[in-house]
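Notes for the structure review
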Amino acid sequence: MRMTKDEARKKLWLVLEERAPAPGDRLPPERVLKDLIGCSRETLRAALATIEAEGEIWRHVGQGTFRGRAPLGRPVKDTLLLEATTPAELMDARRLLEPQVAAAAADRRIDDDLVLLRRRVEEGRSARDRAACERADDAFHQAIAQVARNPLLVALLRHFSSARCRAVWQREWDRTYRRVGVVEFTRVHSKQHGCIVEAIAAGDAPGAYQAMADHLDAVSIDMGFLKASQP
């Protein structure tokens, strides 16, 4: 029987008392908490959200989850923003930002970066199911931000990544995956990833911008957020 949110919350509270008893203590990552409690990641996040609303923990994208109330002066909007963002809004934000990130990566890349980016492309080509495709795609796009060498861009892409972990995105991604099939992800999207990397390797910022824009347009079309005739 699937664990309820309330049952998960009770077990999570016991873990908090043991692993993060004092204000400011960092909680274990979600993958560890999920196993300790014995629930799904979606149920865990619901329990975390409940305890956060009670002021017993606070979360910061890219840094972790901490015991106690959020420090004064910190905008407590990250979780609400992620929860409220629709998949269509997320793709719109990605289409606005990520081509610029790819262009910056083309200007700033070094040889070692190209090894990483090409490895990420190959990981996408070898993915065999929906979850593996999602992980490989997410890792590729975050790697582009790393190559751009701007910590704020890296943080923004991680923020996007957090939104992709939400149940509403995962449901949309699953429907898209079932509709278009694995070949679209492992061949077509990986080929587009390869074009982005080759433009970055050539130091071609306009080419990297356009390749990323074309790729994200294709993803938006696959997910039903953009019509093929739209610019």
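Summary of the structure given here. (Residues numbered from 1 in each chain as written. Predicted model: local features only at pLDDT ≥ 70, side-chain atom pairs only at ≥ 80, totals over all residues. Heavy atoms only, no water.)

Across its full length, the protein chain carries eleven helices and two strands. When its helices and strands are written in sequence order, the protein chain yields α-α-α-β-β-α-α-α-α-α-α-α-α. Taking 17 Å as the expected radius of gyration for a compact globule of 231 residues, we find that the protein chain reaches 19 Å, a close match to that expectation. The principal-axis extent of the C-alpha atoms belonging to the protein chain is close to 55 × 40 × 30 Å. Counting across all 231 residues of the protein chain, residues that qualify as buried make up 45%. (Helix = DSSP H or I, 4+ residues; strand = E, 2+ residues; numbered from the N terminus. Rg over C-alpha atoms; globule rule 2.2 N^0.38 Å. Buried < 20%, exposed > 50% of the residue type's maximum accessible area, 1.4 Å probe, protein only.)

The phi dihedral of Arg149 is positive, around 60 degrees, even though this residue is not glycine. Within the secondary structure, Arg149 is located in the loop between helix 7 (130-148) and helix 8 (151-164).

This part covers the pairing of strand 1 (residues 57-60). With four bridges connecting them, strand 1 and strand 2 (residues 64-67) associate as antiparallel partners. Bridge pairing links His60 to Gly64 in strand 2. Connecting strand 1 to the antiparallel partner strand 2 that follows it, the hairpin turn spans three residues, and Gly62 within it adopts a positive phi of roughly 85 degrees. (Pairing = 2+ DSSP bridges.)

If you trace the backbone, Ser40 turns up in the loop between helix 2 (30-37) and helix 3 (41-53). Note on Ser40: relative accessible area 30%, which makes it partly exposed. Residues Ser40 and Ala8, 32 residues apart in the sequence, show an inter-C-alpha distance of 9.4 Å. Beyond its immediate chain neighbours, meaning those up to four positions away, Ser40 contacts Arg2 and Lys34. (Contact = heavy atoms within 4.5 Å.)

With that settled, consider the packing of aromatic side chains. Applying the stated criterion across every chain yields a total of three aromatic pairs. Note on Trp58 and Phe66: the rings are 4.8 Å apart at their centroids and 25 degrees apart in plane angle, and the pair reads as stacked. Relative accessible area serves as the criterion here: at 12%, Trp58 is assigned to the buried category. Take Phe66: its relative accessible area is 10%, and that puts it in the buried class. A cation over an aromatic ring shows up here: Arg67 above the ring of Trp13, its NZ or CZ 5.0 Å from the ring centre. A cation over an aromatic ring shows up here: Arg164 above the ring of Trp173, its NZ or CZ 5.7 Å from the ring centre. (Phe/Tyr/Trp six-rings, centres within 6.5 Å; stacked < 30°, edge-to-face > 60°. Lys NZ or Arg CZ within 6 Å of the ring centre and 35° of its normal.)

This next bit is on the environment of Lys191. Relative to the helices and strands, Lys191 resides in helix 10 (residues 182-201). Note: C-alpha distance between Lys191 and Val121 (70 residues apart in sequence) is 8.2 Å.

Here we come to helix 11 (residues 205-222). Counted at 1.5 Å a residue, the expected span for helix 11 with its 18 residues is 26 Å, and the 26 Å between its end C-alpha atoms agrees. Of the residues making up helix 11, those classed as buried are Ala205, Ala208, Ala211, Met212, Ala213, His215, Leu216, Asp217, Ala218, Val219, Ser220 and Asp222. Sitting at the head of helix 11, Asp204 places a side-chain oxygen 2.9 Å from the backbone nitrogen of Gly207. Immediately downstream of helix 11, the backbone of Gly224 shows phi near 85 degrees, a positive value. (Expected span 1.5 Å × (residues − 1). Polar contact = N/O pair within 3.5 Å; in protein donor to acceptor, adjacent residues only side chain to side chain.)

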